[in-house]
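# Residue-level structure breakdown
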Amino acid sequence: FGLFFSFSLFSQKSDGYEIKIQINGFKQKELYMAYHLGEKQYIKDTIRQKEDGSFLFKGDTPLESGIYLVVLPPDNNYFQLIIEKGDQHFSVTTDATDPAKNIQTKGSVENKLFYNYMNFLSEKRPQSEALNNRLKEEKDSIKIQELTEAIDKIDQEVEDFQTRFVRENSNTFTGAIIKANTPLKLPEFSGNEEEQQREAFYYNRDHYFDNMDLSDGRFLRTPFLFERINTYVSKLQVQVPDSLAKAIDFVLEKTKKAPESFRYFAVHYLNEYANSKFVGMDAVYVHLAEKYYASGQAPWVDSTQLAKIVENAVALKPILIGKTAPNIKMQLKDGSPVSLHDINSPYTVLYFWRYDCGHCKESTPDIKAFYEEYKNKGVKIFAVCVKFNDEIGDCWKYIDENQLDGWIHTVDPYLRSKFYTLYNVKTTPQIFILDKNKKIISKGIGAPQLKEVMGKIMEFDNKNPTE
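The shown structure was predicted, so the numbers you read here are calculated from the model rather than taken from an experiment.

## Focus on the overall build of the protein chain
- Along the protein chain, the regular secondary structure elements total 14 helices and 15 strands.
- Expected size for 467 residues packed as a compact globule is a radius of gyration near 23 Å; at 31 Å, the protein chain overshoots this value by more than 25%.
- Taken along its principal axes, the extent of the C-alpha atoms in the protein chain is 95 × 70 × 40 Å.
- Looking at the protein chain as a whole, 42% of its 467 residues qualify as buried.
- For the protein chain, the proportion of contacts with a sequence separation of at least 24, taken over those separated by at least 6, is 65%.
- Surface exposure of the protein chain reaches about 26400 Å², of which carbon and sulfur atoms provide 49%.
- The average position of the 60 basic charges and that of the 66 acidic charges among the side chains of the protein chain differ by 3 Å.

## Some details on the nonpolar core
- Within the largest apolar cluster, 83 residues are counted, with the highest numbers of intra-cluster contacts made by Ile21, Leu31 and Phe79.
- With 31 residues, the next largest nonpolar core counts Ile392, Trp396, Trp407 and Ala447 among its residues.

## Thoughts on the pattern of salt bridges
- This model, assessed by the stated rule, comprises 22 salt bridges.
- The partner of Lys443 in a salt bridge is Asp282, with the nearest N and O atoms 2.5 Å apart. With Lys443 in strand S15 (residues 440–443) and Asp282 in helix H9 (residues 282–293), the pair connects residues that are 161 residues apart, well separated along the chain.
- Judged by its relative accessible area of 9%, Lys443 falls in the buried class.
- A salt bridge links Asp356 to Arg354, with the nearest nitrogen and oxygen atoms 2.8 Å apart.
- The exposure class of Asp356 is partly exposed, given its relative accessible area of 38%.
- Three or more residues are tied together by salt bridges with common partners; here these are Arg354, Asp356, Lys387 and Glu391.

## Observations concerning helix H6 (residues 225–234)
- Taking burial as the measure, the 10 residues of H6 include 7 buried ones, the bulk of the element.
- If you check which residues of H6 are buried, you get Leu225, Phe226, Arg228, Ile229, Thr231, Tyr232 and Val233.
- Looking at the packing, one finds that the buried side of H6 touches helix H4 (173–180), helix H5 (193–206), helix H7 (241–254) and helix H8 (259–274).

## Concerning the pairing of strand S3 (residues 40–48)
- Here strand S2 (residues 30–37) runs beside S3; their pairing, made up of 8 bridges, is antiparallel. Note on S3: the bridge partner recorded for His36 is Gln41.
- Once S2 ends, the chain turns through 2 residues before running back antiparallel as S3, passing Gly38 with a positive phi of about 65 degrees.

## Details of the packing of aromatic side chains
- Counting across every chain of the model gives 33 aromatic pairs.
- Considering the side-chain rings of Tyr208 and Tyr232, the 6.0 Å spacing of their centres and the 20 degrees angle between planes classify their relative orientation as stacked. Taken together, the positions of Tyr208 in the loop between H5 and H6 and Tyr232 in helix H6 put the pair 24 residues apart, joining distant regions of the chain. When sorted by exposure, Tyr208 lands in the same class as Tyr232, which is buried.
- The rings of Phe226, Tyr264, Phe265, Tyr269 and Tyr273 are connected pair by pair, giving a single aromatic cluster.
- The lysine or arginine in question, Lys377, covers the ring of Tyr374, its NZ or CZ lying 4.7 Å from the ring centre.

## Some remarks on the packing of H7 against H9
- Contact pair H7 / H9: the axes reach a minimum separation of 9 Å and the direction vectors enclose 35 degrees. Considering the relative orientation of H7 and H9, their crossing is right-handed. Of H9, the residues touching H7 (which contributes Pro241, Leu244, Ala245, Ile248, Asp249, Leu252 and Glu253) are Ala283, Val284, His287, Leu288, Lys291 and Tyr292.
- The residue inventory of the contact of H7 with H9, partitioned by class, reads 9 nonpolar, 1 polar and 3 charged.

## Focus: the state of the cysteines
- In total, this model carries 1 disulfide according to the counting rule given.
- Put simply, Cys385 and Cys395 are joined by a disulfide, and their sulfur atoms are 2.0 Å apart. Judged by the torsion about the S-S bond (-60 degrees), the Cys385/Cys395 disulfide is left-handed. Taken together, the positions of Cys385 in strand S12 (residues 379–385) and Cys395 in helix H12 (residues 392–401) put the pair 10 residues apart, joining distant regions of the chain. Assigned by exposure class, Cys385 and Cys395 land together as buried.

## Observations concerning the pairing of S15
- Note: strand S14 (residues 430–434) against S15, 3 bridges, orientation antiparallel. The residue of S15 that forms the bridge with Ile433 is Ser442.
- Joining the antiparallel neighbours S14 and S15 is a turn of 5 residues, in which Lys438 adopts a positive phi near 70 degrees.

Reading guide: rules and limits
Residues numbered from 1 in each chain as written. Predicted model: local features only at pLDDT ≥ 70, side-chain atom pairs only at ≥ 80, totals over all residues. Heavy atoms only, no water. Helix = DSSP H or I, 4+ residues; strand = E, 2+ residues; numbered from the N terminus. Rg over C-alpha atoms; globule rule 2.2 N^0.38 Å. Buried < 20%, exposed > 50% of the residue type's maximum accessible area, 1.4 Å probe, protein only. Contact = heavy atoms within 4.5 Å. Areas by Shrake-Rupley, 256 points an atom, 1.4 Å probe, with all protein chains shown as cover. Lys, Arg positive; Asp, Glu negative; His and termini not counted. Charge placed at Lys NZ, Arg CZ, Asp CG, Glu CD. Core = buried A, V, L, I, M, F, W, Y, C linked by side-chain atoms within 4.5 Å. Salt bridge = Lys/Arg side-chain N within 4 Å of Asp/Glu carboxyl O. Pairing = 2+ DSSP bridges. Phe/Tyr/Trp six-rings, centres within 6.5 Å; stacked < 30°, edge-to-face > 60°. Lys NZ or Arg CZ within 6 Å of the ring centre and 35° of its normal. Axes fitted to C-alpha atoms, helices over the stretch in contact; angles between N-to-C directions. Left-handed = near helix turned anticlockwise from the far one by under 90°. Nonpolar A, V, L, I, M, F, W, Y, C, P; charged D, E, K, R; others polar. Disulfide = S-S within 2.5 Å.

Any functional reading would require information that these geometric values do not contain.
If you want it as structure tokens, here you go:
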């Protein structure tokens, strides 16, 4: 009976979490527990002080693994706790003056390891900083050599400690955290300084995650996973859609065994490129929507939202930069037909507008000035007033009043061309720049940027002539 009773108590303890916090000198009556999730932090719990002055975070369901924060109001000082499954019943004692420095833990293997490691770094950091400060002021070459050797010695001690710590604690979450944050060791590279820097960059990019297992879902609730992945995508890749899509695919494929991480980054990057302010990045959105959402790999999305995502991707795909602009057959003022693809010009600016659109009215002077400067440089404007039926008359009135001469002004009284759908014209104004073959070379720019963008396009084409 005694054996059974002891086993029952052990089973109960393994469920949920119970973390007792004692903070000497802390005068407030509340304490917060927060957690990381991707790039943000969220409050998990708020508790009141007990009669004995301690705080108890307690719950029936185990906490998800990660690095959590215990936050002290009102100044929001905090200290970190390693939370791992099977290691969620322990106590912490610290001091309000410097809670992160004076921590003592009892009953937690992970936190004992973590703070032993942090204490070692805290011991070595001021030593290194003091030597570096002396080195900055030192003029004597012999002393400079001595200081440099002393700094290198400390660096080597830290590196050796990290290596040994990771090796001896490879089966712990703390060991995985330390390994993930161990700097990548670069090999020796040959060539001149510029060549060495280039090779180092490529090596760092290709081996960026060597020390971090992206399939480990525990990293999602740490302060470093999002930053590392964001750096990999936004800093280590050429910022063009193809390279970005490839990098995000790499991340998502690596996180598939950690479903919550996979979901987080699939949602994050879909939203980022759906709302990107950079021209052409909607191609990344289309790629993600097709590969992961339309293929059934996003079960967290309800059917209505999924349909909108896929529908939006389908609408955007034909008008991505690099695609041939869909041909539209329109009508001139005299009623004669004119097709976009019939316009013979090195460059065509396709402009969707309406006379009662405030932004269109603001754009008119800029586009008018642009045309006056570029009309003799091989640029034509194919302007589409998006009104129809009996509203078309005011299109011609606005054109005459503003003296928009020389443009190819068109309308579609009965919407037979389906330009609204083909060009995803949800708002106006909309501007597309097409080359001589009617391939889309830029879009989504404002009228004030038209001169600059066209100038750069022509400059590039002059330096890189094609047949």
